[in-house]
Amino acid sequence: MSVRTVLLNRRVAGGCCRVWCGVPRPLVHIRSASVAEPGTRRSDEEHLWEAASHMPFSRARIGSFFQERSVLRNPFLEDTLLRGYLGRHLPQEAALSDLCGFGERVVNEVDKWGRECEVTPPRLVHFDPWGCRVDHIVTSPAWKRMKDLSAQEGLVAIGYERSFGEWSRVYQMSKLYIFSPSSGLYTCPLAMTDGAAKVIQSIGASWPVDEAYSRLTTRQPERFWTSGQWMTERQGGSDVGSGTETVAVPQSDGSYKLHGFKWFTSATDADMTLTLARVQDTTGATTTGSRGLSLFYAEVSRDEGGRLRGIEVQRLKDKLGTRQMPTAELLLDGLPAHRLSEEGRGVASIANMLTITRIHNSVSAAAAMRRVVQLARDYATRRSAFGKLLKDHPLHMQTLARMEVETRGAFLLVMDVCRLLGREENGMATQLDTHLLRLLTPVVKLYTGKQAVAVVSEGLESFGGQGYIEDTGLPGLLRDAQVLSIWEGTTNVLSLDVLRCVARSSGMVLHAYFTHVKSLLAGASSVSSLAPAVNTVDGALSELQKFVHVAATRAPSYLELAARDLAYSLARIYTGALLIDHACWKGASPSDTYAALRWCEQDLCPVVTKQAKGCYDPSTPPLDAALVYDRLT
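Residues numbered from 1 in each chain as written. Predicted model: local features only at pLDDT ≥ 70, side-chain atom pairs only at ≥ 80, totals over all residues. Heavy atoms only, no water.

### Remarks on the overall build of the chain
Counting its secondary structure elements, the chain contains 22 helices and 13 strands. Dimensions of the chain, computed from the C-alpha atoms along their principal axes, are close to 105 × 75 × 70 Å. A total of 633 residues make up the chain; the buried ones form 51% of that total. Here the analysis covers contacts within the chain between residues at least 6 apart in sequence; of these, 74% occur between residues at least 24 apart. For the chain, the computed accessible surface area is about 29200 Å², with 54% contributed by carbon and sulfur atoms. Mean positive and mean negative side-chain charge positions of the chain (71 and 67 charges, respectively) differ by 4 Å. (Helix = DSSP H or I, 4+ residues; strand = E, 2+ residues; numbered from the N terminus. Buried < 20%, exposed > 50% of the residue type's maximum accessible area, 1.4 Å probe, protein only. Contact = heavy atoms within 4.5 Å. Areas by Shrake-Rupley, 256 points an atom, 1.4 Å probe, with all protein chains shown as cover. Lys, Arg positive; Asp, Glu negative; His and termini not counted. Charge placed at Lys NZ, Arg CZ, Asp CG, Glu CD.)

### With respect to the pattern of salt bridges
Following the criterion strictly, the structure yields 40 salt bridges and no others. Among the ionic pairs, Asp 135 bridges to Arg 133, the shortest N-O distance being 3.0 Å. Between Glu 329 and Arg 315 there is a salt bridge whose closest N-O contact spans 2.8 Å. Here the residue Glu 329 occupies a position in strand 11 (residues 327-339), and Arg 315 occupies one in strand 10 (residues 311-316), the gap between them amounting to 14 residues. Look at Glu 329 and you get buried, because its relative accessible area is 7%. Counted as one network, the salt bridges with shared partners bring together Asp 79, Arg 370, Glu 404, Arg 408 and Asp 592. (Salt bridge = Lys/Arg side-chain N within 4 Å of Asp/Glu carboxyl O.)

### Side note on the domain arrangement of the chain
Interfaces are often sized by the amount of accessible area the parts lose when they come together. Taken as a whole, the chain is organised into domain 1 (80-223), domain 2 (227-348) and domain 3 (492-632). Each partner contributes residues to the interface: domain 1 has 30 residues there, and domain 2 has 29 residues. Summed over both sides, the interface of domain 1 with domain 2 buries roughly 2500 Å², with 68% coming from carbon and sulfur. Contact with domain 2 buries surface across domain 1, with Arg 133, Ile 137 and Met 192 losing the most and accounting together for 23% of the total. (Domains from an automatic or database assignment. Buried area = accessible area lost by both parts, 1.4 Å probe.)

### A few points about unusual backbone geometry
If a residue is not glycine, its phi is most likely negative; likewise, a peptide bond is most likely trans. Look at the link from Trp 207 to Pro 208: it is a cis peptide, with omega at 0°. Looking at the element boundaries, Pro 208 is found in the loop between helix 8 (187-203) and helix 9 (209-216). A positive phi angle, close to 45°, is found at Thr 322, a residue other than glycine. Within the secondary structure, Thr 322 sits in the loop between strand 10 and strand 11.

### Comments concerning the UniProt feature "domain: Acyl-CoA dehydrogenase/oxidase C-terminal" (unreviewed entry) in the chain
UniProt annotation of "domain: Acyl-CoA dehydrogenase/oxidase C-terminal" (unreviewed entry) refers to residues 344-500 when read in the numbering used here. When the span residues 344-500 is considered, its composition is 73% helix and 3% strand, and the gap between its end C-alpha atoms is 20 Å. (UniProt positions renumbered as here; feature names shortened; annotations may be inferred.)

### Thoughts on the UniProt feature "domain: Acyl-CoA dehydrogenase 11-like C-terminal" (unreviewed entry) in the chain
The feature "domain: Acyl-CoA dehydrogenase 11-like C-terminal" (unreviewed entry), as annotated in UniProt, sits at residues 508-629 in this numbering. The annotated region residues 508-629 carries 73% helix and 0% strand content, and the separation between its end C-alpha atoms amounts to 40 Å.

### Topic: the side chain of Glu 153
By secondary structure assignment, the location of Glu 153 is in the loop between helix 5 (141-152) and helix 6 (158-161). Look at Glu 153 and you get buried, because its relative accessible area is 11%. Glu 153 has contacts with Asp 98, Phe 102, Arg 105, Ile 158, Lys 175 and Arg 219, leaving out every residue within four places of it along the chain.

### Some details on the packing of helix 7 (residues 168-179) against helix 8
Orientation of helix 7 relative to helix 8, taken along the N-to-C sense of each, is 160°, at an axis distance of 11 Å. As the angle between them shows, helix 7 and helix 8 are arranged roughly antiparallel. Two packed elements cross with a definite hand, and for helix 7 against helix 8 that hand is right-handed. Facing helix 7, whose interface residues are Arg 169, Gln 172, Met 173, Leu 176 and Phe 179, helix 8 presents Thr 187, Leu 190, Asp 194 and Lys 198. Per-class residue counts for the contact of helix 7 with helix 8 are four nonpolar, two polar and three charged. (Axes fitted to C-alpha atoms, helices over the stretch in contact; angles between N-to-C directions. Parallel < 35°, antiparallel > 145°, perpendicular 65-115°, else oblique. Left-handed = near helix turned anticlockwise from the far one by under 90°. Nonpolar A, V, L, I, M, F, W, Y, C, P; charged D, E, K, R; others polar.)

### Topic: helix 14 (residues 431-461)
Under the 1.5 Å per step criterion, the end-to-end length of helix 14 is 45 Å for 31 residues, consistent within 8% with the ideal 45 Å. Of all the bends found along helix 14, the most pronounced is centred on Leu 440 and spans about 35°, while Pro 442, a proline, follows it within four residues. (Expected span 1.5 Å × (residues − 1). Bend = angle between axes of the 7 residues up to and from the residue.)

### Comments concerning the pairing of strand 6 (residues 247-250)
As paired elements, strand 6 and strand 7 (residues 256-266) share four bridges and run antiparallel to each other. Pairing of Ala 248 across the sheet is with Leu 258, part of strand 7. As consecutive antiparallel partners, strand 6 and strand 7 are separated by five residues, and within that stretch Gly 254 has a phi angle of approximately 95°, a positive value. As paired strands, strand 6 and strand 8 (residues 272-279) are joined by two bridges and run parallel to one another. In the sheet register, Ala 248 faces strand 8, and the bridge partner there is Val 279. (Pairing = 2+ DSSP bridges.)

### Concerning the state of the cysteines
Between two cysteines, a covalent bond joining their sulfur atoms is known as a disulfide. Applying the stated criterion across every chain, the model contains zero disulfides. Between Cys 501, a cysteine without a disulfide, and Cys 418, which holds the nearest cysteine sulfur, the sulfur-to-sulfur distance is 17 Å. Relative accessible area serves as the criterion here: at 15%, Cys 501 is assigned to the buried category. (Disulfide = S-S within 2.5 Å.)

### A closer look at the side chain of Asn 74
Assignment of secondary structure puts Asn 74 in the loop between helix 2 (44-54) and helix 3 (80-89). What makes Asn 74 buried here is its relative accessible area of 4%. Looking at Asn 74, its side chain comes within polar contact range of the main-chain nitrogen of Phe 76, at 2.8 Å. Contact partners of Asn 74, with chain neighbours within four places excluded, come to Cys 100, Gly 103, Glu 104, Val 107 and Gln 374. (Polar contact = N/O pair within 3.5 Å; in protein donor to acceptor, adjacent residues only side chain to side chain.)

### Let's talk about the pairing of strand 3 (residues 123-127)
Sheet topology note: the strand 3/strand 4 (residues 133-138) ladder contains four bridges and is antiparallel. Each residue of the ladder has a partner; that of Phe 127, found in strand 4, is Arg 133. The antiparallel pairing of strand 3 with strand 4 creates a hairpin that spans five residues between the two strands, and Gly 131 there sits at a positive phi of about 90°.

### Focus on helix 9
By the burial criterion, the buried members of helix 9 are Val 209, Ala 212, Tyr 213 and Leu 216. Looking down the long axis of helix 9, one finds its buried residues gathered within 100° of arc, a one-sided arrangement. (Arc of directions from axis to C-beta.)

Structure representation (structure tokens):
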């Protein structure tokens, strides 16, 4: 036997095989590309040796290394902060067992459905094969399964069953937090469904909306309805007062028919909707501004011929993200409807809806951050670069730790607002709780929306090039996160809402804020390890109080310029206090303390920092405008 034969046999016997996605593949005989000398014949043995030794990438053979993908595990069990928070505030076994089981269902079933919703987006069929207009929005089977699951799991119902009293909203939103990143954006129709149920409940569920309320809050899939929210028109956005052109024509039976054009309708395949319109008087005239708007309830139904009653779907929106969910332009041409609010009280009537949908938005933001951190930290245990795993590179761990701190802060801020909502709904809220809920609802929405985009973007970067590849599913996290700072009020609109909230309460919401933050800090005064964080938050709180006193003496335009930085300051200081408070309870871990300390490394009161630099001086607006519209001469 030749030496070459002996070496070859050892190589093959020693396991010379290629691993293809974890499946052993035997060596394949590959015809050599070299040419034999004239008059000679290369043996099969020589061909095999050449293939094994010199031709690893010939034809379909693409090498032996395949990067392991990150693995999604039970998002309840993997989230120590979520489990710690619930262990502190909602330790009931029934709730924890349900969330753990739901986490397994998310991994084993729901995540695949969410991906199917992404790759099979909705499409609009205007006409049937015989030319009749039908306006069918065709969604994937997974989208329909999401609806059934939402009913079965009580993703809306939990908030109205109130099985856990004041903590029922925390329980509901914890479940949505687990569900959201895998939901294929089905959390969006659930947010509007929850908001519609809240409005109906607050107004009083009488005919015909009592049946709708029952369907919105049921656990029975065959009865469950989702609701749309058709507010935005071509002039619209947040300025519904001047942007709503839709008119409501009274009918002899007390109902109305709506005529108008809705430019942006989310979850257009919903079973019902709430919308704003202006009631026409007997002469056809309407009242302008917010005073002319009333709130209406309408069911989405079809006639015997299969045509939508009073609705034409003009087109589906082509969006950056949220592609899983049908969003459409609608012509309302005689849509049957019933007025819910008092005439002219439409904007006031949707206040409860906005509270609910903004909280849902914030839950989705915190959930997106948690998901990308969960996947990134798993990937760091699998990916090697420069001779070691990513988790063994201190700079990479520093980056992930910063993402983790932002995620923890967002979670605690969101859950505290859910806590306040639960107390209000169960009749347990103090005046301080009520003021805090009013102030923090726009704050939590604007701040977590911006955090989510930043953290998810950083998360994608932690995967390197794979974070940019669509079929990994990772880019969708970023595209979908971008809507969170836009929907239900942009950052600037919500910052101005904060100012309105302060003005309408004559400053009482800020008094409640300062009082509560001080009480949270007082609870940590004896914990020496937290002293640096306590001192930092307390110092920032004092600076914020000084700013408020100074700003109160200035023109309204001064505070308007400061509104965004003020909202950020409110969010960062309050979140710091929550992190400190959570690090004090008996079940806290050293990581809880470290997270609080790390949070306080940032500028907690940017409004004071910017004030010292003259950013709100009366001279800045014209200079800002000149800079933006600078033209070369």
